[in-house]
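Now for the letters of each chain:
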Amino acid sequence: MADRPYDRERLKHLFHYVIWGAGARAGFGATKLYKVAWFSDARSFVLTGQSITGAPYIREKHGPIPRDGMYVRNELVALRLVEQWRGTGDEWVFKGLVPPPRNVFHPAETKEIDYWIKEIDGKHTAKSVSEYSHDYGWEIAKMKEPLPFHSILAGRGREPNDAETTRLRARARELGLM
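Residues numbered from 1 in each chain as written. Predicted model: local features only at pLDDT ≥ 70, side-chain atom pairs only at ≥ 80, totals over all residues. Heavy atoms only, no water.

1. With respect to the overall build of the protein chain
Within the protein chain one finds seven helices and four strands. Ordered by position from N to C terminus, the α and β elements of the protein chain give α-α-β-β-α-β-β-α-α-α-α. Here the protein chain holds 178 residues, and 43% of them are scored as buried. Here the analysis covers contacts within the protein chain between residues at least 6 apart in sequence; of these, 69% occur between residues at least 24 apart. (Helix = DSSP H or I, 4+ residues; strand = E, 2+ residues; numbered from the N terminus. Buried < 20%, exposed > 50% of the residue type's maximum accessible area, 1.4 Å probe, protein only. Contact = heavy atoms within 4.5 Å.)

2. Here we look at the pairing of strand β4 (residues 92-96)
With burial as the criterion, only one face of β4 is covered, namely that bearing W92, F94 and G96; the residues V93 and K95 on the opposite face remain uncovered. Here strand β3 (residues 82-86) pairs with β4 via five bridges, running antiparallel. Its bridge partner being in β4, R86 is matched across the sheet by W92. What sits between β3 and β4 in their antiparallel hairpin is a turn of five residues. (Pairing = 2+ DSSP bridges.)

3. A few points about the packing of aromatic side chains
Using the criterion set out here, one finds five aromatic pairs in the structure. Among the aromatic side chains, those forming a connected cluster through ring pairs are F39, Y115 and W116. Between R43 and the ring centre of Y115, over which it is positioned, the NZ or CZ distance is 5.0 Å. (Phe/Tyr/Trp six-rings, centres within 6.5 Å; stacked < 30°, edge-to-face > 60°. Lys NZ or Arg CZ within 6 Å of the ring centre and 35° of its normal.)

4. Things to note about the nonpolar core
Counting 35 residues, the largest nonpolar core has F15, V18, L33, V36 and I113 as the members making the most contacts within it. Residue assignment for this core shows that the elements contributing at least two residues are α1 (8-22), α2 (30-48), β1 (57-60), α3 (69-78), β4 and α4 (107-123). In terms of residues, this core owes the most to one element, α2, which gives nine residues. Ignoring any residue separated from it by four or fewer positions in sequence, one finds I113 in contact with L14, Y17, V18, V36, S40, I52 and F105. (Core = buried A, V, L, I, M, F, W, Y, C linked by side-chain atoms within 4.5 Å.)

5. Considering unusual backbone geometry
In this structure, R80 takes a positive phi of about 60 degrees despite not being glycine. Checked against the element boundaries, R80 lands in the loop between α3 and β3. Here R80 falls in the exposed class, since its relative accessible area comes to 65%.

6. Some words on the layout of surface pockets
Counted as a void, the second largest pocket has a volume near 160 Å³. What lines the second largest pocket is a set of twelve residues, among which G27, F28, E91, W92 and V93 lie closest to the centre. Class assignment of the residues belonging to the lining of the second largest pocket gives a composition of five nonpolar, five polar and two charged. (1 Å grid on protein atoms, 1.4 Å probe; cavity = no way out; pocket = protein on both sides within 12 Å on 5 of 7 lines; lining within 4 Å. Points joined across faces, edges and corners; volume = space filled by probe spheres on them. Nonpolar A, V, L, I, M, F, W, Y, C, P; charged D, E, K, R; others polar.)

7. Points about a nonpolar patch on the surface
A cluster of nonpolar side chains, contributed by L175, L177 and M178, occupies part of the molecular surface with about 370 Å² of accessible area. With respect to the element layout, M178 can be found in the segment after α7 (162-174). (Patch = residues over 30% accessible without salt bridge, like charges linked within 9 Å, V, L, I, M, F, W, Y side chains within 5 Å. Areas by Shrake-Rupley, 256 points an atom, 1.4 Å probe, with all protein chains shown as cover. Salt bridge = Lys/Arg side-chain N within 4 Å of Asp/Glu carboxyl O.)

8. A word on α3
Looking only at α3, the buried set comprises G69, V72, R73 and L76. Buried positions in α3, seen along its axis, are confined to an arc of 100 degrees and lie on one side of it. In α3, the exposed positions that point more than 90 degrees away from the buried face belong to Y71 and A78. Those residues of α3 that are buried are in contact with α1, α2, β2 (63-66), β3 and β4. (Arc of directions from axis to C-beta.)

9. Quick word on the confidence of the model for the protein chain
The pLDDT averaged across the protein chain works out to 85; a share of 87% of its residues lies at or above 70. Predicted confidence in the protein chain is weakest over helix α5 (residues 126-133), with a mean pLDDT of 59, and strongest over α3, with 96. (pLDDT = per-residue confidence, 0-100.)

As structure tokens, then:
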């Protein structure tokens, strides 16, 4: 499945939109910004065949990040659309200075982005969202290696829980397999 061509302007608009919606909140820094972008792009690609930005993502220590993430953030600062600074730890902090344009994304794309802002900002710390994004597709990639959007579908089989094991053993006995 061919994705849309990479559109750096769309990635810039996505960052601006996310920073406006969630920036300047305690705990919302670059890690969460990149995760909102990754999950918005990857899920959109899996569901529709097109990501929101077409941006290439690479494997990094804390999960997938847009290859041009830092450059795009710096462009937003240079355009005086956002501010960024180092917080009390090592995390970047953001503040939107100007509202983003509302006509860049299709309403379904905006809904996808809003979902991930709420999910990641409301339910995760930077550490927990990094662990969440360290799926099997991320694990098998080498550091700095590109991650295709469909890699979010990669998974490992898991061991059945106790209830499943009991049910499966009973069914195997019924079928004369044990």
